[in-house]
Amino acid sequence: MEAIIELLLKAGVPAAPLAAIAFVMWRFRGGDMGSSESDAIRVELATLTRDHSETRERLARIEGLLSKK
Amino acid sequence: MSWQLKPRASRNLQRHGNGQVTHQWVLMVMALAFWAAAVFMPGPVMPPELYGYWVTSFAAEFWAASIMFASAIYLIGCYINGAWRWSPALRLFGASWHVFTMGAFAYGATTVDGWAMVMISSAFCGLHVWFVGLNLSDLIGAILRWGRK
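Residues numbered from 1 in each chain as written. Chains lettered and ligands numbered in written order. Predicted model: local features only at pLDDT ≥ 70, side-chain atom pairs only at ≥ 80, totals over all residues. Heavy atoms only, no water.

Engineer: Would you mind going over the overall build of chain B in detail, with residue names and values included?
Structural biologist: Counting its secondary structure elements, chain B contains seven helices and zero strands. Secondary structure of chain B in N-to-C order comes out as α-α-α-α-α-α-α. C-alpha atoms of chain B, sized along the principal axes, occupy 55 × 35 × 20 Å. Counting only residues that meet the buried cut, chain B has 46% of its 149 residues in that class. Considering only contacts in chain B between residues 6 or more positions apart, those separated by 24 or more positions represent 69%. When the accessible surface of chain B is summed, it comes to about 7500 Å², and 71% of that surface belongs to carbon and sulfur atoms. Positive and negative side-chain charges of chain B, numbering 9 and 4 respectively, have mean locations separated by a distance of 34 Å. (Helix = DSSP H or I, 4+ residues; strand = E, 2+ residues; numbered from the N terminus. Buried < 20%, exposed > 50% of the residue type's maximum accessible area, 1.4 Å probe, protein only. Contact = heavy atoms within 4.5 Å. Areas by Shrake-Rupley, 256 points an atom, 1.4 Å probe, with all protein chains shown as cover. Lys, Arg positive; Asp, Glu negative; His and termini not counted. Charge placed at Lys NZ, Arg CZ, Asp CG, Glu CD.)

The structure is reproduced here in structure tokens:
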């Protein structure tokens, strides 16, 4: 029993950094790396999304006007 | 889900493709093998005639864990990369730790004329001094960009 616990403790030392790396690889998978380039893409996407929702609102307004006629 | 070994941000990491990540994984695997040898092999895995008496006064497991720790920190810094602004600091810390470990090996070997070990350790030490420089420039870049975003 003591030998098993000792082996587990010894195995824990290499397992800990590997587990930490695996967690980080999982957490940051796909890698949005937050560089200036990806920040610019994020801003562009937010703008596009906003524009898209505005367009949809306008379309809904036009549809509303048309349905009244 | 896309699992990738190649981080995207830091220009230095980009320039080297998978080089730095592969290098750290190689060191990690070597340290794991070293650790397994230290735990399971009956004899001493670090002969004092090769590594020096100062280095071997510490357990082989200590040195294996030291390399594993430094490589793990460096790899974590590579995988996080620009997703956290200060990830260059992690890589800088990992590289500095490697410089300390490899420098200790090189210094220890000079005390017993283990010139092969001196050359190998010095090469790795020099490589990590370069990595320290690269990551220091990344860190300075991160500091200079502070407040712009």
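Engineer: Describe the side chain of Arg 91 of chain B, naming the residues involved and giving the relevant values.
Structural biologist: Position of Arg 91 of chain B among the secondary structure elements: in helix α6 (residues 87-110). Dropping the residues within four chain positions of it, Arg 91 of chain B is found in contact with Ser 10, Leu 13, Tyr 74, Gly 77, Cys 78, Asn 81, Asn 135 and Asp 138 of chain B.

Engineer: I'd like a rundown of the nonpolar core, residues and numbers included.
Structural biologist: Of all hydrophobic cores here, the largest spans 39 residues; its most connected members are Ile 21 of chain A together with Phe 34, Met 46, Tyr 51, Trp 63, Tyr 79 and Phe 105 of chain B. Among the secondary structure elements, those contributing two or more residues to this core are α1 (2-27) of chain A together with α2 (19-40), α5 (60-80), α6 and α7 (115-144) of chain B. Discounting residues that sit within four places of it in the chain, Phe 105 of chain B has contacts with Met 46, Tyr 51, Val 55, Trp 63, Ile 67, Met 117 and Ser 121 of chain B. (Core = buried A, V, L, I, M, F, W, Y, C linked by side-chain atoms within 4.5 Å.)

Engineer: Describe α1 of chain A, naming the residues involved and giving the relevant values.
Structural biologist: Residue and element names in this part refer to chain A. Taking 1.5 Å of rise per residue, the 26 residues of α1 would be expected to cover 38 Å, and the 36 Å separating its terminal C-alpha atoms lies within 8% of that figure. Along its length, α1 reaches its greatest deviation from straightness, about 35°, at Val 13, and the proline Pro 14 lies no more than four positions downstream. Of all the positions in α1, only Pro 14, Pro 17, Ile 21, Val 24 and Met 25 are classed as buried. (Expected span 1.5 Å × (residues − 1). Bend = angle between axes of the 7 residues up to and from the residue.)

Engineer: So, the environment of His 23 of chain B: which residues are in play, and what are the values?
Structural biologist: All names here are of chain B. Looking at the element boundaries, His 23 is found in helix α2. Given a relative accessible area of 15%, His 23 falls into the buried group. For the pair His 23 and Leu 144, spaced 121 residues apart in sequence, the C-alpha to C-alpha distance is 29 Å. Among residues more than four places away in sequence, those in contact with His 23 are Phe 124, Leu 127, His 128 and Phe 131.

Engineer: So what's going on with unusual backbone geometry? Which residues, and what values?
Structural biologist: Of note in the backbone geometry, Asp 113 of chain B takes a positive phi value of approximately 60° without being a glycine. Here Asp 113 of chain B lies in the loop between α6 and α7.

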